[in-house]
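# Structural overview
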Amino acid sequence: IGGMARVDPTPPPHPLRAAERSIRGRITGYNRTHDVLDKGILDKIMKVSVILPAAGLGTRMGREKSGTSRKQFMLLDGAPILLHTIRKFTHCPSVSEIVVALRGEDLEWGRGLIQQQHLTKPVRFVEGGDSRQHSVENALASLAPDTTLVAVHDAVRPFIDSAMVEKVIAEA
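These notes cover the structure that comes with them.

Before going further, it helps to examine the overall build of the protein. Scanning the protein from terminus to terminus reveals seven helices and eight strands. Taking all 172 residues of the protein together, 36% fall into the buried category. Sequence-distant contacts, at least 24 apart, represent 65% of the contacts inside the protein between residues at least 6 apart. Of the accessible surface of the protein, which amounts to about 11000 Å², a share of 55% is contributed by carbon and sulfur atoms.

Within the element layout of this structure, L119 appears in the loop between α5 (107-115) and β7 (123-127). A C-alpha to C-alpha distance of 9.1 Å links L119 and I86, two positions 33 residues apart in sequence. Setting aside anything within four residues of it in sequence, one finds L119 in contact with I86, R87, T90 and I114.

Judged by how many residues are buried, strand β6 (residues 97-102) sits mostly within the fold: six of six residues are covered. What you see with β6 is no split at all: E97, V99 and A101 on one side and I98, V100 and L102 on the other are buried throughout. Both strand β3 (residues 48-53) and β6 contribute to a ladder of five bridges, which runs parallel. Along β6, the bridge assignment pairs L52 with V100. Note that β6 and β7 share five bridges and pair parallel. When the sheet's bridge partners are listed, L102 is paired in β7 with E127. Assessed by its sense of winding, the connection that carries the chain from β6 through α5 to β7 is right-handed.

Calculation rules
Residues numbered from 1 in each chain as written. Predicted model: local features only at pLDDT ≥ 70, side-chain atom pairs only at ≥ 80, totals over all residues. Heavy atoms only, no water. Helix = DSSP H or I, 4+ residues; strand = E, 2+ residues; numbered from the N terminus. Buried < 20%, exposed > 50% of the residue type's maximum accessible area, 1.4 Å probe, protein only. Contact = heavy atoms within 4.5 Å. Areas by Shrake-Rupley, 256 points an atom, 1.4 Å probe, with all protein chains shown as cover. Pairing = 2+ DSSP bridges. Right-handed = clockwise from strand over helix to strand, strands pointing away.

If you want it as structure tokens, here you go:
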């Protein structure tokens with residue numbers, strides 16, 4: 001019979017799934033059987049960097065006038081607040097690295113602080129700017145080109161929940 005073609009009984013793949021197949025293929029763990037991405041393998045290829053701006057002077061608190069240390073260096077349970085915040089992000093499985101933007105005169109102090117710790121993630125320091133925006137910009141400029149996702153969190157907010165960080169990263 002001349003004008004007929006055999007029709008495959010399986011429906012064509014969803015367009016997004018087809019794109020995932022061609023872009024990601026086996027490398028990311030695309031599971032053709034279940035039509036989902038294997039999160040464990042995807043986490044291994046995702047590079048998530050966290051930027052912690054910590055170059056502030058604490059002017060709204062008025063601490064520089066009283067001679068007391070800036071917020072990020074204030075002790076909380078025997079350790080600087082900045083260290084508590086860094087520790088929270090090192091406990092997040094999805095986070096690949098932490099970049100801390102500090103004032104130039106505080107960089108050596110920060111590096112010394114981290115060397116004393118046994119952290120499970122790389123922590124790098126960059127020189128911050130005169131504003132939060134400049135500090136984040138400097139940190140962004142230091143990131144590797146293969147960085148997949150960037151999260152920015154205030155260095156003086158140590159009570160972030162690791163589960164919440166993971167949820168935000170997953171949703172992004």
